[in-house]
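Residue-level listing of the chains:
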Amino acid sequence: MLKRTRGKGASVRMAPTPTSPASTSQIPPSQTLSSQSVKALLGIRELIIGGTFRPGERLPELALVDRLGLSRTPVRAALARLELEGLVEALPSGGYAARGFTDADITDAIELRGLLEGAAARRAAESGVPAADLRAVRDVLARLDEAVDFFSATLDRIETYITLNETFHDMLARMSGSAILAREVERAQALPFATPSAFLDAHAAMDAFPRVLAVAQAQHWGLVEAIESREGARAEALAREHARLARGTLRRVLDDADLKGRVPGLTLVAEDAPRHRRNDKPTTA
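Residues numbered from 1 in each chain as written. Predicted model: local features only at pLDDT ≥ 70, side-chain atom pairs only at ≥ 80, totals over all residues. Heavy atoms only, no water.

## Some thoughts on the overall build of the protein
The helix and strand inventory of the protein stands at 11 helices and two strands. Intrachain contacts of the protein at a sequence separation of at least 6 include 71% that bridge at least 24 residues. As displayed, the protein has an accessible area near 12300 Å², and 52% of this comes from carbon and sulfur atoms. (Helix = DSSP H or I, 4+ residues; strand = E, 2+ residues; numbered from the N terminus. Contact = heavy atoms within 4.5 Å. Areas by Shrake-Rupley, 256 points an atom, 1.4 Å probe, with all protein chains shown as cover.)

## Things to note about helix α1 (residues 35-49)
Between its first and last C-alpha, α1 extends 21 Å over 15 residues, near the 21 Å set by a 1.5 Å rise per residue. Where α1 is concerned, the buried positions are Ser37, Val38, Ala40, Leu41, Gly43, Ile44, Arg45, Leu47, Ile48 and Ile49. The inward-facing, buried residues of α1 contact α2 (61-68), α3 (72-85), β1 (88-90) and β2 (96-98). Once α1 ends, the next one or two residues include Gly51, with phi positive near 95°. (Expected span 1.5 Å × (residues − 1). Buried < 20%, exposed > 50% of the residue type's maximum accessible area, 1.4 Å probe, protein only.)

## Some thoughts on the pattern of salt bridges
According to the stated counting rule, one finds 13 salt bridges in the structure shown. As a salt-bridge pair, Arg76 and Glu61 come within 2.9 Å of each other at their nearest N and O atoms. On the criterion of sequence distance, the pair formed by Arg76 in helix α3 and Glu61 in helix α2 is long-range, its members being 15 residues apart. In this structure, the salt-bridge partner of Arg122 is Glu236, at a minimum N-O distance of 2.8 Å. Here Arg122, found in helix α4 (residues 103-127), pairs with Glu236, found in helix α10 (residues 232-254); they are 114 residues apart in sequence, far enough to count as distant. A cluster of three or more residues bridged by salt bridges with shared partners is formed by Glu111, Arg240, Glu241, Arg244 and Arg247. (Salt bridge = Lys/Arg side-chain N within 4 Å of Asp/Glu carboxyl O.)

## What to know about the confidence of the model for the protein
Mean pLDDT over the protein stands at 78; residues scoring 70 or higher make up 74%. Predicted confidence in the protein is weakest over helix α8 (residues 200-204), with a mean pLDDT of 62, and strongest over α2, with 95. In this model residues 1-32 is a low-confidence stretch, pLDDT under 50, and it forms 135 contacts with partners more than four residues away in sequence or in other chains. (pLDDT = per-residue confidence, 0-100.)

## Concerning the side chain of Gln217
Within the element layout of this structure, Gln217 appears in helix α9 (residues 209-228). Gln217 sits in the buried class, given a relative accessible area of 4%. For Gln217, the contacting residues outside a window of four places in its chain are Leu141, Leu144, Asp145 and Val148.

## A short note on the environment of Ala233
When you line up the elements, Ala233 lands in helix α10. For Ala233, a relative accessible area of 47% gives the class partly exposed. C-alpha separation for the pair Ala233 and Ala125, spaced 108 residues apart in sequence, amounts to 8.7 Å.

## Quick notes on the packing of α2 against α3
Interaxial distance between α2 and α3 falls to 9 Å at its minimum, and their mutual angle equals 115°. Between α2 and α3, the angle falls in the class roughly perpendicular. The handedness of the crossing between α2 and α3 comes out as right-handed. Within the contact between the two elements, α2 uses Glu61, Leu62, Leu64 and Val65 and α3 uses Arg72, Val75, Arg76 and Leu79. (Axes fitted to C-alpha atoms, helices over the stretch in contact; angles between N-to-C directions. Parallel < 35°, antiparallel > 145°, perpendicular 65-115°, else oblique. Left-handed = near helix turned anticlockwise from the far one by under 90°.)

Rendered as structure tokens:
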């Protein structure tokens, strides 16, 4: 992910500003865009996530060119990239429209991330991870411990937690030792609302927020310990369970108008979409 700039309350890995609900997206090194295309990518994401374009609404190319102050080439490249990420869809008549989602779509994206991160964790455990890499990830976890303790009293520096959390997940994918697997984990994290820091603003509004962070952090440590102990099955199970915290939060957020308002990107979720009943256990997330 090109150096990730993440926004507060990232919920769709999308823009690099604190107002972005979507996890501010990082661009895979293998698919680096020009600086103008990156500007177009981030700008169009913000417009969609911020509600400028509703689900199904056509994205007028010339209007985007004028609004972003860019030429048509980077705007076209950005729209094509956003189609790959699932945020826009190509129209039969040409051009693109903002894509709408159901909560089932989001649940599937989170589940896919968990599956791939689980595979990465298992691969890391079974293949072994260099001591230097384990020391580095433990250092990140130690800093996350401090962040969790800090946020039990105040939420002023929530972006610190987001940055460290994203760093941990990046390291987890790379520890697999597989460039292909790490790339696919990154693709899954770029799906709408599938970033590891999704719904963090909504979390912050919940009374149980400190407990949610404590559970997530315990799972982080458990993952690293399982990898270091070469326990592949345990590492995989922990990674998948960790992703499921977000599924429980999604259900609660969609059922609570006040919480939903804290995640701007959820304007993309159809109000009348049938709920995806998957026997998710109640969670404090």
